[in-house]
Amino acid sequence: MSRKDIRVVELFAGVGGFRLGLEGWKGKSPSSGYTKPYKTPFKVIWSNQYEPSTKIQHASKVYEERFGSDNHVNEDIFPYPIEKIPDHDMLVGGFPCQDYSVARTLNQAEGLAGKKGVLWWAIERILRQKKSRKPEFVFLENVDRLLKSPAKQRGRDFAVMLASLSDLGYAVEWRVINAADYGMPQRRRRVFILAYRRNSKIWKELTKTKDLTNWIERDGIFASSFPVKEVSNTIKTKFEINGTLDSISNRFPMDLHEDNHEVTTSESSPFENSGVMVGRNVYTLRTEPDFHGKRTTLGEVIYRNGSFDIDSSFFLSEENLDVWKYLKGAKKNNPRKSKSGFIYHYNEGPMSFPDPLDRPSRTIITGEGGATPSRFKHVVEVNGSLRRLVPEELERLNMFPPGHTKVEGISDVKRAFFMGNALVVGVVEMVGRELAKRTE
């Protein structure tokens, strides 16, 4: 394949985090704050963003405003005709984490079309129906609890995904990455997944690796982009995912076999924060970041000394200050009763108030916007005043260009919601750089 362009299809595009990480913005790189040139082979040729639960498609509106409406589709992806999706070299997406159970998706797909629970199967459907023109790479992002969901079958959802990708002819590596561990401004932990099509250059490198722990720790795309060290006394686990997708969905992890012994526990997930899968054989171990560069702090991201015009609504009022302090403080609530009748106490520890400026920010959540006091919203003290973060600061914490979501008709609350759903663009950029280098 010529590396003049790597043609990308972006699913569940949101406001374009994957696209920014792979293409940059106006020829500039995210890691430089969009000040330095970014030479990249990636080119998004088709994109899709559709939110089934809302009438007004706000995220799609922002995406089209920033990247144009050509080759962008604001329709339900699940029933969308595969022949209308152009052939591509790389499929990317940050798909919602819901329920990947085969019984509730493949067998009832028509009835659940458009619902978030079947969006993994929308990806699987594209890969399956592309047949001889499957993309060479699949690059996905999700919340890290994907590795251990659902609670009653720890790791089942991820096992179904891995088995699906293997059956479609892909080898896979994954890594849980906290962006702040590698110098980025936000403590945001997500699992990133890379799949390589059979007989592709990286697939051959991976499958020829004699000790796959070397790929996880040193030689893989993630290890090269985000160096790690092995946790002392870590357990290296090797097992095979057996059975049909339906049986995995129903029984996992009961069908696992490790060193010729059946694994029957379901109390914890067998998947660690790093791993690879080749031919349904899984190698997984726990790693820790090994980073020695500059770390970006919240204080470096926020606006100070009149450098940005901040509306008065973002400043905390005196009458609400006690409410903010109470919500941020430690609490020991009255006993509660679970559905099963179990009595328990729900306690909360204190949160920093205001947020410290000398370290990366906490994770942005979707409820970050709005003036109502909240335990989880960021509050900073600047020039002696307490205030919430403005949308441009939230964008900078995710390494978006400031003002990226400032579009007519989009409220500040909705802009904050976008950033609560977004990924840290710098992570995608670093992986993209390594992929481009390894496929020249």
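Given the structure is predicted, the values throughout are model-derived calculations rather than measurements.

Cut-off values and rules
Numbers given for residues are sequential positions, taken from 1 along each chain in its written order. In view of the model being predicted, local features appear only for residues whose pLDDT reaches at least 70, and side-chain atom pairs are presented and counted only at 80 or more, with totals across whole chains, interfaces and linings using the full set of residues. Hydrogens are left out, water is left out, and the side-chain values use all remaining heavy atoms of the structure. Elements are defined by DSSP. Helices are runs of H or I of four residues or more, strands are runs of E of two residues or more, and each kind is numbered from the N terminus. Throughout, the radius of gyration refers to the C-alpha atoms, and the reference size of a globule is 2.2 Å times the residue count to the power 0.38. Burial classification: accessible surface area is computed with a 1.4 Å probe over protein chains only, and a residue below 20% of its type maximum counts as buried, one above 50% as exposed, and the rest as partly exposed. Residue contacts follow a heavy-atom distance rule, with two residues in contact if any of their heavy atoms lie within 4.5 Å. Note on areas: Shrake-Rupley with a 1.4 Å probe; residue coverage comes only from the protein chains shown. Under this rule, positive means Lys or Arg and negative means Asp or Glu; His and the chain ends count for nothing. A single reference atom marks each charge: NZ on Lys, CZ on Arg, CG on Asp, CD on Glu. In this description, a line fitted to the C-alpha atoms serves as the axis of each element, helices being fitted only across the stretch in contact, and the angle between N-to-C directions of two axes falls anywhere from 0 to 180 degrees. Note that the term roughly parallel is reserved for angles under 35 degrees, roughly antiparallel for angles over 145, roughly perpendicular for angles of 65 to 115, and oblique for everything else. Note on residue classes: Ala, Val, Leu, Ile, Met, Phe, Trp, Tyr, Cys and Pro are nonpolar, Asp, Glu, Lys and Arg are charged, and everything else, Gly too, is polar. Aromatic pairs are defined between Phe, Tyr and Trp rings, using the six-membered ring for Trp, whenever the two ring centres lie within 6.5 Å; interplanar angles under 30 degrees are classed as stacked, those over 60 as edge-to-face, and all others as tilted. In this description, strands pair whenever DSSP reports at least two bridges between them.

**Description of the overall build of the chain**
Part 1: Looking only at helices and strands, the chain has 14 helices and 20 strands in total.
Part 2: For the chain, whose C-alpha radius of gyration is 22 Å, the value lies close to the compact-globule estimate of 22 Å for 440 residues.
Part 3: With the principal axes as the frame, the chain shows a C-alpha extent of 65 × 60 × 50 Å.
Part 4: Of all 440 residues assigned to the chain, the portion counted as buried reaches 53%.
Part 5: A separation threshold of at least 6 residues defines the contact pool for the chain, and within that pool the share at least 24 residues apart is 71%.
Part 6: Counting every atom, the chain has about 20,500 Å² of accessible surface; 46% of that belongs to carbon and sulfur.
Part 7: Across the chain, the 68 positively charged side chains and the 56 negatively charged ones have centroids separated by 0 Å.

**So, unusual backbone geometry**
Part 1: Of note, the bond from S149 into P150 is cis; its omega dihedral lies within 30 degrees of zero at -5 degrees.
Part 2: With respect to the element layout, P150 can be found in the loop between strand 5 (137-143) and helix 5 (156-167).
Part 3: Note the cis peptide between F252 and P253, where omega equals 5 degrees.
Part 4: On the secondary structure map, P253 appears in the loop between helix 9 (245-251) and strand 10 (256-258).
Part 5: The phi dihedral of M399 is positive, around 65 degrees, even though this residue is not glycine.
Part 6: Counting through the fold element by element, M399 comes out in the loop between helix 12 (391-397) and helix 13 (412-421).

**Looking at the packing of helix 4 (residues 119-130) against helix 5**
Any two packed helices are characterised by the angle at which their axes cross and by the distance between the axes.
Part 1: Look at helix 4 against helix 5: their axes get within 11 Å of each other, and the N-to-C directions meet at 5 degrees. With respect to their mutual orientation, helix 4 and helix 5 come out roughly parallel. Contacts between helix 4 and helix 5 involve W120, W121, E124 and L127 from the former and V160, M161, S164 and L165 from the latter.
Part 2: Of the residues that constitute the contact of helix 4 with helix 5, the class distribution is six nonpolar, one polar and one charged.

**As for the side chain of S29**
Part 1: Within the secondary structure, S29 is located in the loop between helix 1 (17-23) and strand 2 (42-48).
Part 2: Here S29 is in contact with Y34, T35, K36, P37, Y38, E429 and R433, once residues within four sequence places are set aside.

**Focus: the environment of R359**
Part 1: Turning to its location among the elements, R359 is positioned in the loop between strand 18 (347-348) and strand 19 (379-382).
Part 2: Along the backbone, R359 and I56 are 303 residues apart, and their C-alpha atoms lie at a distance of 37 Å.

**So, the packing of aromatic side chains**
Part 1: In this structure the tally under the stated criterion is 16 aromatic pairs.
Part 2: With 5.9 Å between their ring centres and 70 degrees between their planes, Y182 and F291 make a pair best called edge-to-face. Of the two residues, Y182 is situated in the loop between strand 6 (170-178) and strand 7 (189-197) and F291 in the loop between strand 14 (287-289) and helix 10 (298-301); the sequence distance between them amounts to 109 residues.
Part 3: The class for Y182 is buried, based on a relative accessible area of 10%.

**A look at the pairing of strand 4 (residues 90-93)**
Part 1: Taking every second residue as pointing to the same face, both faces of strand 4 are buried, with M90 and V92 on one and L91 and G93 on the other.
Part 2: Across four bridges, strand 4 lies against strand 5 in parallel orientation. What sits directly across from V92, in strand 5, is F139.

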